[in-house]
Amino acid sequence: MLFRKVPIIIVMLHMAFGASVPAFAAPITVPVDIAAGPAGLWMTGDVGNDQLAHFGLKIRLEAIISRELIKQHINQVPANYRKLAMSMTEVRYRPSILVPEELIISPKFAHTGMYGVTWRPLQLGLNLVSGAAPLSLSAGLDLTTAFIHSDSLGFDWMVFLRPGIDLQLEWEVPFDKYFHVSIGWQSAVYVPQPLGGGVFDLGKFDNRSIWHVGQLFILFHGFTDYQANL
């Protein structure tokens, strides 16, 4: 199972700083956020001019390590890292970098269609507004690959494959303990790939390349508690 062993803050510190991790038999209850929802994608340049929006499915699977949970188990954190652990308000852990951030599912309604996947293996974030309906800002590293076919952009098909970075603003509204809804905007900038070009071709930051994707999304969150063994 994906959350068979949730490393929370102890193993995170171990991975980051090489601390030794003792074994503990006591289970820890970790909240897990399982979310999905629709996304609209806007691409800068000729792709966006050809078709205003493309569509996708946003996905999220995270274990949520709150400050309260860290405080409850602070004795399990190596002593020289406890101050660092207590300075964290929240840690969100994804069980595998293989779990995608989104699926691009956009049939050719007019002239251009695309199908692909985006991974966001690393992200850092902060709460701009705390409380019952938090507003958060995060930055992440992206890897996107997509099959694009078109009869109006000067090529029959191409494979887009690029790393990128993004900024994401998200507002989350809780309806009860186990169900939240969030709405957000993400802006991702990629190493430019020319339209119709191969994955090793370098494009420019112009209309004839894919280099920027804006995304509006809505996520429906379901929360469950998971008994994790360290």
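Residues numbered from 1 in each chain as written. Predicted model: local features only at pLDDT ≥ 70, side-chain atom pairs only at ≥ 80, totals over all residues. Heavy atoms only, no water.

**Q** Help me understand empty space enclosed by the protein in this model?
**A** Over the atoms rolls a probe the size of a water molecule, and its path tells where empty space is left. Applying the stated criterion across every chain yields a total of 2 cavities of 30 Å³ or more. Considered as a void within the structure, the largest cavity measures approximately 100 Å³ in volume. If you go around the largest cavity, you meet 14 residues; those closest to its centre are Leu41, Glu102, Thr144, Tyr190 and Val213. Counting residues per element, the ones that place at least two in the lining of the largest cavity are strand 1 (27-43), strand 4 (102-106), strand 6 (135-150), strand 8 (179-194) and strand 9 (209-229). Across the lining of the largest cavity, the residue classes tally to 9 nonpolar, 4 polar and 1 charged. If you add up the space inside the second largest cavity, you get close to 40 Å³. Every residue lining the second largest cavity is listed: Ile59, Arg60, Leu61, Arg94, Ser96, Val99, Pro100 and Glu101. Looking at side-chain class alone, the lining of the second largest cavity contains 4 nonpolar, 1 polar and 3 charged residues. (1 Å grid on protein atoms, 1.4 Å probe; cavity = no way out; pocket = protein on both sides within 12 Å on 5 of 7 lines; lining within 4 Å. Points joined across faces, edges and corners; volume = space filled by probe spheres on them. Helix = DSSP H or I, 4+ residues; strand = E, 2+ residues; numbered from the N terminus. Nonpolar A, V, L, I, M, F, W, Y, C, P; charged D, E, K, R; others polar.)

**Q** Explanation requested: the pairing of strand 6 in the structure shown.
**A** Regular strands place side chains that alternate from one sheet face to the opposite one. Where strand 5 (residues 112-129) meets strand 6, 15 bridges bridge the pair, whose relative direction is antiparallel. By the bridge assignment for strand 6, Thr112 is matched with Ser150. In this antiparallel pair of consecutive strands, strand 5 and strand 6, the connection spans 5 residues, and Gly131 shows a positive phi of 115°. One ladder, built from 15 bridges, connects strand 6 with strand 7 (residues 157-176); its direction is antiparallel. Counterpart to Ala146 in the pairing with strand 7 is Phe160. Where strand 6 folds back on strand 7, the antiparallel hairpin that results is connected by 6 residues, among which Gly154 adopts a positive phi of roughly 90°. (Pairing = 2+ DSSP bridges.)

Nothing here speaks to function; it is geometry throughout.
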